[in-house]
Amino acid sequence: STKEVTRTVKIGDTEISSNRLRVGPAVRGNGFAAWWGSFVRGPRDSVDRTAPAIRFIDLFSSVGGLSLGALEAASALGMRAVSLLAADVDERALEVYGANIRPRHRANESVRGMVDFRVSGSGEQASFAFAPEVLDERLKPYIGNVDLILAGPPCQGHSSLNNHSRNEDPKNLLYLTVPAMAVAVKAKHVVIENVPNVVADKHGVVQTTVHLLKSAGYKKTESGLSADR
């Protein structure tokens, strides 16, 4: 049996292949599953320090699931992803993030206190009352040099399994810190992850976020909850 599994990523007319040593039992039929099985069981790949860099910030980072996806996506494209800062109120989760992703900075605090902004209106009537401004000194040197913002705002208040504070949780409005931070640091791209029911939030945080980003010059992509400009 083969000792390697191969994954091929196609971007436009360009194909990029990556090989991994097969680790663990063979997976029949699905080469994609075999590649990821070997990825999970095998050692972490070394990073090519000479490869072009994608600089990113992870807000509400938890242990770093979104960041891991960014690192792997960059690697598949022959690039490297560099975590400039990870922010989360859960200290233990941030410690796990630091051990695995190794960001330049860790912020064990609320993202809301890292950016000064106020939103007037909601949905398509939403606007920033004034230009959002970075408050965190660790972020100020990166203004204009952030390629990507990743964010997984609190989802408990949007979850269909939550029958206590669904749609009423004040943390739901933390979603709006993401477009504010994107505008404040002049990030090139934004990716937000949340539960499907977030689109039914009583405050319309998704619709408001999309409008704020579009108003700032971003363009919505096919994934629906990511934007770029």
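Refer to the structure presented above.
Structural notes, computed from the coordinates. Quick caveat, the model's predicted, so the values are computed rather than measured. (Residues numbered from 1 in each chain as written. Predicted model: local features only at pLDDT ≥ 70, side-chain atom pairs only at ≥ 80, totals over all residues. Heavy atoms only, no water.)

1. Describing the packing of aromatic side chains
Applying the stated criterion to the full structure yields one aromatic pair. Centroid distance Phe117 to Phe128: 6.4 Å. Interplanar angle 90°. Geometry classified as edge-to-face. Of this pair, Phe117 sits in the loop between strand 6 (115-116) and strand 7 (119-120) while Phe128 sits in strand 8 (residues 127-128), placing them eleven residues apart in sequence. Take Phe117 and Phe128: they sit in the same class, and that class is buried. (Phe/Tyr/Trp six-rings, centres within 6.5 Å; stacked < 30°, edge-to-face > 60°. Helix = DSSP H or I, 4+ residues; strand = E, 2+ residues; numbered from the N terminus. Buried < 20%, exposed > 50% of the residue type's maximum accessible area, 1.4 Å probe, protein only.)

2. Some remarks on the pattern of salt bridges
On inspection of all chains with the given rule, the structure shows five salt bridges. Ionic pairing is found between Arg55 and Asp147, a salt bridge with its closest N-O pair at 3.4 Å. Residue Arg55 is found in strand 3 (residues 53-59), and its partner Asp147 is found in the loop between strand 9 (133-134) and strand 10 (148-151); the two are separated by 92 residues along the sequence. Judged by relative accessible area, which is 28%, Arg55 ranks as partly exposed. Salt-bridge contacts for Arg138 lead to Asp136; the nearest nitrogen and oxygen are separated by 2.6 Å. A residue is classified by how much of its surface remains accessible, and Arg138, at 25% relative accessible area, is partly exposed. For Asp136, a relative accessible area of 6% corresponds to the buried category. One salt-bridge network, held together by shared partners, links Arg55, Asp147 and Lys188. (Salt bridge = Lys/Arg side-chain N within 4 Å of Asp/Glu carboxyl O.)

3. Let's talk about unusual backbone geometry
Positive phi is not limited to glycine here, since Phe60 has a value of about 55°. By secondary structure assignment, the location of Phe60 is in the loop between strand 3 and helix 2 (65-76). You can call Phe60 buried: its relative accessible area is 13%. In this model, Ser62 sits at a positive phi of 50°, which is unusual for a non-glycine residue.

4. A word on the pairing of strand 4 (residues 80-87)
Summarising burial for strand 4: seven of the eight residues are buried, a large majority. Note that strand 3 and strand 4 share seven bridges and pair parallel. Bridge assignment links Ala53 to a residue of strand 4, and that residue is Arg80. Read as a crossover between parallel neighbours, the route from strand 3 over helix 2 to strand 4 is right-handed. In this view, the connection linking strand 4 to its parallel neighbour strand 5 (residues 105-107) by way of helix 3 (residues 91-101) has right-handed handedness. (Pairing = 2+ DSSP bridges. Right-handed = clockwise from strand over helix to strand, strands pointing away.)

5. Concerning the pairing of strand 2 (residues 14-21)
In this sheet, strand 2 lies alongside strand 1 (residues 4-11) in antiparallel orientation, the contact comprising eight bridges. In the sheet register, Arg7 faces strand 2, and the bridge partner there is Ser18. Between strand 1 and strand 2, which pair antiparallel one after the other, the connecting turn spans two residues, and Gly12 there sits at a positive phi close to 65°.

6. Points about the nonpolar core
Among the nonpolar cores identified, the biggest contains 39 residues, and Ile57, Leu59, Val146, Ile149 and Met181 are the most heavily contacted of them. Looking at this core, the elements that each hand over two or more residues are strand 3, strand 4, strand 10, helix 4 (177-185), strand 11 (189-192) and helix 5 (205-215). Sort the elements by how many residues they give to this core and helix 4 lands first, with six residues. With residues near it in sequence (within four places) discarded, Met181 still touches Leu59, Met114, Val115, Leu139 and Ile149. Core analysis: the second largest hydrophobic core is formed by eleven residues, Ala70, Leu71, Leu94 and Leu148 among them. (Core = buried A, V, L, I, M, F, W, Y, C linked by side-chain atoms within 4.5 Å. Contact = heavy atoms within 4.5 Å.)

7. Re helix 3
All of the buried residues in helix 3 are Ala93, Leu94, Tyr97, Gly98 and Ile101. Along the axis of helix 3, the buried residues cluster in a sector spanning 140°; they form a single face. Seen from the buried face of helix 3, the exposed residues on the opposite side, beyond 90 degrees, are Arg92 and Ala99. In this structure, the buried residues of helix 3 make contact with strand 3, helix 2, strand 4 and strand 5. The opening residue of helix 3 is Asp90, an N-cap whose side-chain oxygen sits 3.1 Å from the backbone nitrogen of Arg92. (Arc of directions from axis to C-beta. Polar contact = N/O pair within 3.5 Å; in protein donor to acceptor, adjacent residues only side chain to side chain.)

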